[in-house]
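One letter stands for each residue in the lines below.
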Amino acid sequence: MSVVEPLKPYSRAWLLSDRPASRHQARVGRAYVVWRQFSENRLALLGLVIILGLIFIAIFANVLAPHNPVQGDLRNSRLLPPGSAGFLLGTDDQGRDILSRLLYGSRLTLFVVVLVAVIAAPVGLIVGTVSGYAGGWVDAVLMRITDIFLAFPKLVLALALVAALGPGIENAVLAIAVTSWPPYARIARAETMTFRNSEFISAVKLMGASPFRIVLRHVMPLCMSSLIVRVTLDMAGIILTAAGLGFLGLGAQPPLPEWGAMIASGRRFILDQWWVAAMPGIAILIVSLGFNLLGDGLRDALDPKEAGQ
């Protein structure tokens, strides 16, 4: 008789085994397959590098920034062009270093993105899964509420909410989160309805699981892949919405180095001192592109149809 040699943990054969011996092996193997598919997309890797660079800059902004982001020198440093002594990207109308303000502004950008995702994604996931699983009048009520929010353009609704709550970065985050959850609810509801009557859900019911447990332990995890992809793709829109609120003076208030507010303050000098508005605009472009590339890569890696091709 031949003795089958056991697979070594975390070896390639162990990770790609079609008969995992434990849940841990199945999860790690799935993660490895997703990473392999993701890493084959060079543009997705570029997006990941951009986002990791943004996180690194936000963490070490106080070390990387060569100057104070909120204090300038009106007498000697006002509106200096890029490449001037000590000012790589130039200065603004207050004599403040634009590079330093961009580095510190990355913290505000990450603050908005992360907080909106933390608030909006769980709300959309809960509403969508409960609506899709319960059906009937619960589904009708929750989806009509969702339709009401979807009927308004996101930026217009965010403007109305911030105008009512008052300008500020916290109110801007809350307004963006309130306008961002309906698409997540729609996705979660559609995913839930595809397997609401499946055999494994029926088996869980026969075992005596309550509807709450079924939704929490079995339905929500199945919706996470699609939700993660949608949230990642929406990050660029969240950044642009926050920048738009800042541009209109309803987001972060001076002297905070928020990128949209920096563009607003530089629009008066766009013809002669173009760098004041162009540099934060380029930063928004790069970060938005990074999130879009990352989202596209995650969509291809997490999509079972793509994985099977």
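The rules behind the values
Residues numbered from 1 in each chain as written. Predicted model: local features only at pLDDT ≥ 70, side-chain atom pairs only at ≥ 80, totals over all residues. Heavy atoms only, no water. UniProt positions renumbered as here; feature names shortened; annotations may be inferred. Helix = DSSP H or I, 4+ residues; strand = E, 2+ residues; numbered from the N terminus. Salt bridge = Lys/Arg side-chain N within 4 Å of Asp/Glu carboxyl O. Buried < 20%, exposed > 50% of the residue type's maximum accessible area, 1.4 Å probe, protein only. Axes fitted to C-alpha atoms, helices over the stretch in contact; angles between N-to-C directions. Left-handed = near helix turned anticlockwise from the far one by under 90°. Contact = heavy atoms within 4.5 Å.

Where an unreviewed UniProt entry is consulted, the protein appears under the name Peptide/nickel transport system permease protein, with the organism given as Rhizobium soli. As its UniProt record puts it under Subcellular location (unreviewed entry), the protein is described as follows: "Cell membrane". Annotation of the protein in UniProt includes, under Sequence similarities (unreviewed entry), the sentence "Belongs to the binding-protein-dependent transport system permease family."

A. Representation of the UniProt feature "transmembrane region" (unreviewed entry) in the protein in the model. As recorded in UniProt, the sites labelled "transmembrane region" (unreviewed entry) are residues 43-65, 108-135, 155-179, 227-253 and 273-295. Note that residues 43-65 is 91% helix and 0% strand, and that its end C-alpha atoms are spaced 29 Å apart.

B. Structural detail: the pattern of salt bridges. Taken as a whole and assessed by the stated rule, the structure comprises 9 salt bridges. Notably, a salt bridge pairs Arg268 with Asp93, separated by 2.9 Å at the nearest N-O pair. Of the two residues, Arg268 sits in the loop between α11 (259-266) and α12 (275-302) while Asp93 sits in the loop between α4 (61-64) and α5 (98-134), which places them 175 residues apart along the sequence. The exposure class assigned to Arg268 is exposed, which follows from its relative accessible area of 58%. On the accessibility criterion, Asp93 (7% relative accessible area) is buried. Ionic pairing is found between Asp147 and Arg186, a salt bridge with its closest N-O pair at 2.2 Å. Of this pair, Asp147 sits in helix α6 (residues 136-151) while Arg186 sits in helix α8 (residues 169-195), and the two are 39 residues apart along the sequence. You can call Arg186 partly exposed: its relative accessible area is 30%. Taken together, the shared-partner salt bridges connect Asp92, Arg96 and Arg101 into one network.

C. Just the packing of α5 against α6, in detail. Relative orientation of the contacting elements α5 and α6 amounts to 145 degrees, with a least axis distance of 7 Å. α6 is crossed by α5, and the crossing has left-handed handedness. Counted together, Val127, Val130, Ser131 and Ala134 of α5 and Gly136, Val138, Asp139, Leu142, Met143 and Thr146 of α6 form the full contact between these two elements.

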